[in-house]
Amino acid sequence: MKNHILIIFLSLSLISCIGIPELKENPTKNLVQTNIPQSTKVIFQSDQWWLNSKDEGLNLLIKEILSKNSEIKVARLNIEKALYTLESTKSSNISPITLSGSFARNHMTNTRVNTHFDMTDDVKSNGTTYIGSLSVEAQYTLDLWDKFEALTKQAEYSKLANELQAKWTVLNISTLVSNLYGEYIFLSKEINIYEEKLKISKEIESLQKILHETGLSEKSSLLKAENNTQSTQQALSNLQNSRYALRNSFFSLIGNINSTTIEQTLNKINSTGSDFSYFLNTPEYIDSDMIVNRPDIQYFLTLINSQRENIISLKADFYPRFSISGKYEYQSIDILNIINGSSNLWGIGPSLYLPLFNRNILKQNYKIAGIDLNIFIENYNNNLIESYLKANNSLNSLKISERNNQLEKKNLLNSKEILNDNSTLYSIGSISKYNYLISKDQYLSDKLNFIKTNYTLYKNQIDMINALGGYYKEEVK
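Conventions and cut-offs
Residues numbered from 1 in each chain as written. Predicted model: local features only at pLDDT ≥ 70, side-chain atom pairs only at ≥ 80, totals over all residues. Heavy atoms only, no water. Helix = DSSP H or I, 4+ residues; strand = E, 2+ residues; numbered from the N terminus. Polar contact = N/O pair within 3.5 Å; in protein donor to acceptor, adjacent residues only side chain to side chain. Contact = heavy atoms within 4.5 Å. Phe/Tyr/Trp six-rings, centres within 6.5 Å; stacked < 30°, edge-to-face > 60°. Buried < 20%, exposed > 50% of the residue type's maximum accessible area, 1.4 Å probe, protein only. Core = buried A, V, L, I, M, F, W, Y, C linked by side-chain atoms within 4.5 Å. Expected span 1.5 Å × (residues − 1). Arc of directions from axis to C-beta. Axes fitted to C-alpha atoms, helices over the stretch in contact; angles between N-to-C directions. Parallel < 35°, antiparallel > 145°, perpendicular 65-115°, else oblique. Nonpolar A, V, L, I, M, F, W, Y, C, P; charged D, E, K, R; others polar.

1. Side note on the side chain of Ser53
For step 1, the next point in the chain: Topologically, Ser53 is positioned in the loop between β1 (40–45) and α2 (56–68).
For step 2, the next point in the chain: Polar side-chain contacts of Ser53 include one of 2.8 Å to the backbone oxygen of Trp50.
For step 3, the next point in the chain: Beyond its immediate chain neighbours, meaning those up to four positions away, Ser53 contacts Leu58, Asn59, Ser277 and Phe279.

2. Here we look at the packing of aromatic side chains
For step 1, the next point in the chain: Inspection of the entire model under this criterion finds 9 aromatic pairs.
For step 2, the next point in the chain: Summarising the aromatic geometry, the rings of Tyr184 and Phe250 are spaced 6.5 Å apart at their centres and angled 75° between planes, so their arrangement reads as edge-to-face. Remark: Phe250 occurs in helix α5 (residues 219–254) and Tyr184 occurs in helix α4 (residues 147–213); sequence separation between them is 66 residues. With respect to burial, Tyr184 and Phe250 carry one shared label: buried.

3. Observations regarding the nonpolar core
For step 1, the next point in the chain: Val177, Phe250 and Phe279 are the most contacted members of the largest nonpolar core, which totals 77 residues.
For step 2, the next point in the chain: Sorting the residues of this core by element identifies α2, α4, α5, α6 (260–272), α7 (288–292), α8 (295–316), α9 (359–427) and α10 (433–468) as the ones contributing at least two each.
For step 3, the next point in the chain: Sorting elements by how many residues they give to this core places α4 first, with 16 residues.
For step 4, the next point in the chain: If near-sequence neighbours (up to four positions away) are discounted, Phe250 is found in contact with Leu61, Ile65, Val177, Leu180, Tyr181, Tyr184, Ile262 and Leu266.

4. Structural notes on α6
For step 1, the next point in the chain: Helix length check: α6, at 13 residues, gives a terminal C-alpha distance of 18 Å against a target of 18 Å (1.5 Å per residue), a fit within 8%.
For step 2, the next point in the chain: For α6, every residue scored as buried is listed here: Ile262, Thr265, Leu266 and Ile269. Along the axis of α6, the buried positions cluster into a sector of 90°, meaning they face one direction only. Exposed side of α6, more than 90 degrees from the buried face: Thr260, Gln264, Ser271 and Thr272 are the residues found there.
For step 3, the next point in the chain: Where α6 is buried, its residues contact α2, α4 and α5.
For step 4, the next point in the chain: Immediately downstream of α6, the backbone of Gly273 shows phi near 80°, a positive value.

5. With respect to the packing of α2 against helix α3 (residues 70–89)
For step 1, the next point in the chain: Packing of α2 against α3 leaves a shortest axis separation of 5 Å and a crossing angle of 55°. Between α2 and α3, the interaxial angle falls into the category oblique. In this structure, α2 uses Leu66, Ser67 and Lys68 to contact α3, whose residues at the interface are Ser70, Ile72, Lys73 and Arg76.
For step 2, the next point in the chain: Of the residues assigned to the contact of α2 with α3, the class counts are 2 nonpolar, 2 polar and 3 charged.

6. Examining α5
For step 1, the next point in the chain: End to end, α5 covers 54 Å across 36 residues, agreeing with the expected 52 Å (1.5 Å per residue, within 8%).
For step 2, the next point in the chain: Listed in full, the buried residues belonging to α5 are Leu222, Ala225, Thr229, Thr232, Leu236, Leu239, Arg243, Leu246, Phe250, Phe251, Leu253 and Ile254.
For step 3, the next point in the chain: On its buried face, α5 is in contact with α2, α4 and α6.
For step 4, the next point in the chain: Where α5 ends, the next residue or the one after it, Gly255, has phi of about 65°, a positive value.

So this is what it looks like as structure tokens:
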């Protein structure tokens, strides 16, 4: 008997193998690096990278926004949901224990029961019948083809994907806050510069008015001075408006119109000023391992692995499915008090499901899953290459901005020296106040250019961190 069962099982399995489509999986790309310097090592940190800035204001802003941002909350809720999904998937091959019951009360009129016995008359009666039952049933499906194991692994990958997505969301929000923070510092510094330039332009306008009234200058010079004052006032108003709008951008990230932490941090920048933070040293090369380990790249790789498990579970649907079912039932019968009794019924035994008439649907779903897998692979390949190129572009921009910042620093030192010389010449009466004010205004313009290069260097550092998925630094071995 056992041999017959084994032969039947093997035959059904062989039949099921026939007609399963063959799927072709596209290859995933790798980043190959050559000529990597061996004298240094890269230390990478993706979590809380902003702490390396030692900037108290920035750290307070990021902490405040990450704790209240809706995108972060949604990402955490998705992780929680994925965890519950994983727990439910672990026992998906065990059916719920079903408890069912029924009770029927029927009123019967002119009921007649034929006994067919010569010595016994037929029974006639009017009355009520009672029939009731209570049953418990459960089923366990044997995981012979690893279907349920694959579903569990798929759920695990789904949980991991949500964790990586949350990590990437934190990175994007934190770098966004850092960029807004740097822009707010830049606008505050720019406003201070334009306030100084406005004072100078008003002094020059006053001098031009005196010169024009005494006939020592033409009217056009006075009009140009007035236009310069008005242009400076307009620029200052636009900067103040931009700073106000930028302030509201911080509040939008927490989904509220008020935050003591944000107010105090920004007011401190307005009153005392802040310098741009510097996070890292410019590296000579980009380590490809950093790109592969970026949360978003790992996310796409997780989707690929999840889809592979999905394909395994779909492939198992082509094979016979064996289950063990068990049932216990209690019945009670009372028919017009003629038949009155109860019974306990139980049973346990195997059941077989063989996909014969729905194989076409299974084939189409299986092929669709294969196409989805290749879509995930191509998305991974595309994002991998784009991320690597973006990181290299960010590195190049960072190097250029660092050189430009050094050159602009030299220009500012030269401009400062010229201003000091003109200040000395003005104090001894060798140059006019007008020429001294022009020199001072030029120095402020050069100082603003230096601040701009500082800000550009700051932004390129943030872009570099975002491109790599976190903070890094190089150390000599």
